[in-house]
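# Architecture at a glance
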Amino acid sequence: MGKAEEKRKNCLNCNKSLRRIDWYYRNNGYFCNKACFKAYAKKQEEESAQS
Ligand SMILES: [Zn+2]
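Presented here is an overview of the structure given in this document. By convention here, each chain's residues receive numbers from 1 onward along its written sequence. With the structure being a predicted model, the display of local features is reserved for residues of pLDDT at least 70 and the display and counting of side-chain atom pairs for 80 or more, all residues being used for whole-chain, interface and lining totals.

Helices and strands together make up the secondary structure of the chain, namely one helix and four strands. The N-to-C order of helical and strand elements in the chain reads β-β-β-β-α. Numbered from the N terminus, helices here are DSSP runs of H or I no shorter than four residues, and strands are runs of E no shorter than two.

Next comes the structure, spelled out in structure tokens:
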């Protein structure tokens, strides 16, 4: 509940730290860009397809 809430976001795909201006927010996650989102979504899909 503090002002330390201003936490750095990292790209869920490549784990690069993101600045507010260039993050890409999708499905409750932050990404560098659309390409990283797509790569991540694909990974998730493959993982869930395995079980
Ligand atoms: Zn990324």
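There's more to say after this.
Okay, the nonpolar core next. Think of a nonpolar core as buried Ala, Val, Leu, Ile, Met, Phe, Trp, Tyr and Cys residues chained together by C-beta atoms that fall within 7 Å. Residue burial here comes from a neighbour count, namely the number of other C-beta atoms, placed from the backbone, that lie within 10 Å of the residue's own C-beta, with 20 or more meaning buried, 12 or fewer meaning exposed, and in between meaning partly exposed. One finds C11, L12, L18, F31, C36 and F37 forming the largest nonpolar core, which totals six residues. Contact between two residues is assigned when their C-beta atoms, built from the backbone, lie within 7 Å. Other than its neighbours up to four places away in sequence, F37 contacts Y24, R26 and F31.

What follows concerns unusual backbone geometry. Even without being a glycine, N27 presents a positive backbone phi close to 45°. Tracing the sequence through the fold places N27 in the loop between strand 3 (24-26) and strand 4 (29-31). N27 gets classed as exposed once you count the C-beta atoms within 10 Å, which come to 10. Positive phi outside glycine occurs at N28, with the angle close to 65°.

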